[in-house]
Structures are given as structure tokens and as C-alpha cells.
Amino acid sequence: MSPKAFQPAPVIVEQLIRCRAAQSVQELRQSVARIKNELPDSADSPNGTDDYLLSELTQISEALTLERGLYYVERLIRSMSEVRTSAINDINLNRWKEYDDILTDSLWVVDRRDSSGVHTAGYWGNFVPQIPRQMMTRYTRKGDWVLDPFAGSGTTLIEGQRLGRNTIGIELQPRMVEYANGLIASETNSHHVTADVVIGDSATADLRSILQDHGTETVQLVITHPPYLDIIRFSDDPRDLSNAASVEAFLEMMGRVVENVAPVLDSGRYLALVIGDKYAKGDWIPLGFQTMNEVVKRGFSLKSIVVKNFEDTTGKRNQKELWRYRALVGGFYIFKHEYIFIFRKDQASNQRYVQSDESERCGTALK
Ligand SMILES: C[S@@+](CC[C@H](N)C(=O)[O-])C[C@H]1O[C@@H](n2cnc3c(N)ncnc32)[C@H](O)[C@@H]1O
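Conventions adopted
- Residues numbered from 1 in each chain as written.
- Predicted model: local features only at pLDDT ≥ 70, side-chain atom pairs only at ≥ 80, totals over all residues.
- Helix = DSSP H or I, 4+ residues; strand = E, 2+ residues; numbered from the N terminus.
- Buried ≥ 20, exposed ≤ 12 C-beta atoms within 10 Å, placed from the backbone.
- Contact = placed C-beta atoms within 7 Å.
- Near = placed C-beta within 6 Å.
- Nonpolar A, V, L, I, M, F, W, Y, C, P; charged D, E, K, R; others polar.
- Axes fitted to C-alpha atoms, helices over the stretch in contact; angles between N-to-C directions.
- Parallel < 35°, antiparallel > 145°, perpendicular 65-115°, else oblique.
- Left-handed = near helix turned anticlockwise from the far one by under 90°.

In terms of helices and strands, the chain carries 13 helices and 10 strands. Taking all 367 residues of the chain together, the buried fraction comes to 33%. Counted over contacts in the chain with a minimum sequence separation of 6, partners at least 24 positions apart contribute 69%.

Below is the structure:
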């Protein structure tokens, strides 16, 4: 996820600085040609000659005007000598071209689940590690804290440990807590971060004191991956969102989780919701958008909606033909996607929630 390590060779920066004196495009091109000639060969250089550096030098020599060429020179000098990041991640904006593994489109086709290290598809209903990885890379910095209120098998926490983010998970099922913490413990922790799944109901857990026990007051990102209502029943616990008696009950339970996590999320930081839709009695239930609305109602601003493909689960794969036949007969479509909704908690989020609650009450009273 980070730029390939080329040496920010002071020699090249010095050569580029000398390029500033060029009086014509031709002169600039000659200087750039000299720099290129003096670059170590890929095979001889310890890191290999950097593709990025070569393509930037080519861009300079292909500039049609001196002004443009010098603009590219300045940009390259900056990218080799300064790190420029935003307040919410460690992406070096001066070298943005090198982050080719960060997704910025709203359609994600992930053809293979990352199963490296302790990651496993063993827990039915877990998400691909690429989701929390993308979220943490875009919306957190090293050392930040991430909360996952539906931790399941701990995918977010395993990924956080790899990326140097501290993570706390909440999970209702004690057996999953034990399982997830076991996986996390067997993953290398080279950044020495915290990663712990705690037993609890995310709608009521005392998150403030759980966080304090682990050494922080707040988190900088929340990643939520609730049950998609009853598509998979995770337990018999009535507090489990997969046991909600209806869509309305599910939305209310999810709303309570959002209300519980919102106060411990720093303002200006992000909440991701991963969820899919479902069918009920032959009708498409837009659970994703309905849940999205519950978050927006609580004062979060919607920043993006990503549509991600579903990989076939083993069960579905075996029944693929049958489902295709049923779809043709019934005139419906087979789910192949889920959503990642990305929200930001604005300064006024909590305030707005209180106000809208008030105005709703006033509205009801006036009727
Ligand atoms: C879709 S799974 C999350 C999977 C997780 N992202 C992973 O990769 O393993 C939803 C999880 O939420 C848990 N859960 C359901 N209701 C909960 C609640 N009220 N509080 C905490 N966890 C809950 C379920 O036990 C289940 O493990």
C-alpha cells in the first residue's frame, strides 16, 4: 500500500534543482536525458530503478512547453523530498501515483479473497480482508484506533494488526471471541499494536470504558458489518441482529448500535457500513439502503456508496444451477453484490441527531 522504496537520492534531487535553470524546452530535455543516463540499471540498483522516477522523467522530457516541463520538475522534486499527507491517513499525496492498490472507484470486483497469514474463509459470513484494509488505508493513520462492533472472526483486527492500527472488536458470541482472539494472537504483531475482541452487545456495551481499559478514549474509524438480517442466523441470542423479528426491528436494533458507537468516534472521522440486501416472500428488500438511512438519520453525512461483487460461497456454488433455474422461472435476479456505505461524523453530528429527534417530537405533538 505504500510507494515502492526508491532511495530519495539527494544526487537526483540536486540534478533536478539544476534543471530549474533551463532556458528552453530543448535544454530541459538534454538535462533530463543526462539524469536518465546516469540512473543505475534496474539490475545493478539495490531497489531497482524506480518505475515512478522513470515515468516522471519521461513526462518532463515530453512536455511541450518550458513552463509545463518546469512544473513537472518541481512536482518531482517535491515528491522526492517532502511527504504530504491529509489529516486522516498516511497516503503521501506527493507520490499519489504509486498507490495503485488503493481503490477509488465505486465498483469493486474483488476476484480473490486474501487468504494470507491467519485469514480464513472458515467463518460463514465473514468479509474479505480487502474491505477493512481499504477502509483503514484511506481513513486512518498508523497508530489510530478502529472499532468493529460486529467483529465475528476478527478480520478487521487481523488486518489492523498488519497495518499498524489499534483495533477493538465487540462480538456477542463468546465462542467467536475466543476464536478471533486466537487467530489474532497467531498473526505477527510487528507494529506492537493492540487488537482485542471483547464479548458484548454493541447496542448497549459501555464502549467508553472498554476503550479506556485498552488505553484510548475514542476511535478514528468504525467498521460495521452487521448480519444481513436473517440471511445467516449467527446465534440464538435475541440481542443478535440476525434474530430481529422484522425489517423494522432490525433497523431499530442497528440504529441503537449506531447511537452507541457515534459518541466514541472522533468528529471528522469515518464510519463504514458493509451490508447486502435480501429477498422476503419473493420481494427484494433494500436492506442496505434502509440501514444507510438509519445512519444518516443519526447525523452522519453519506460520503460514498461502493458496490462490491459477492464471491460465491461454497453452498451457493453447489446450488448455482438451481438458483439460475429459479431466477428464470420467478423473474428475479440473483444477488451478486453488497454495499459499502461510507459516512463521516461531522462536527455537528451528535447535535443534529438531538435536534432532529426534538423536531420529530415537536412535529408529532403539533399533529
Ligand atoms: C456479518 S458477521 C461479521 C463478520 C466479520 N466481519 C468477520 O469478518 O468475521 C456479524 C457478526 O455480528 C455478531 N453480532 C450480531 N449481533 C450483535 C450484537 N448485538 N452485538 C455484537 N455482535 C453482534 C454476530 O455474532 C456475527 O459474528
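Glancing now at the site of the ligand. In the neighbourhood of the ligand, 25 residues make up the surrounding shell, with N126, F150, G152, S153 and T155 lying closest. Considering only residue class, the shell around the ligand consists of 12 nonpolar, nine polar and four charged.

At a minimum axis separation of 8 Å, helix 3 (residues 51-61) and helix 4 (residues 66-81) run at an interaxial angle of 160 degrees. In terms of axis orientation, helix 3 runs roughly antiparallel to helix 4. At the point where helix 3 passes helix 4, the crossing takes the left-handed sense. Contacts between helix 3 and helix 4 involve E56, Q59 and I60 from the former and G69, Y72, V73 and L76 from the latter. Broken down by class, the residue content of the contact of helix 3 with helix 4 amounts to four nonpolar, two polar and one charged.

A few words on unusual backbone geometry. One non-glycine residue, H192, lies in the positive phi region at around 55 degrees. Position of H192 among the secondary structure elements: in the loop between helix 7 (174-186) and strand 4 (195-199). Owing to 8 C-beta atoms within 10 Å, H192 belongs among the exposed residues under this scheme. Positive phi, close to 50 degrees, is recorded for L229, a residue that is not glycine. The class of L229 is buried, set by 27 C-beta atoms lying within 10 Å.

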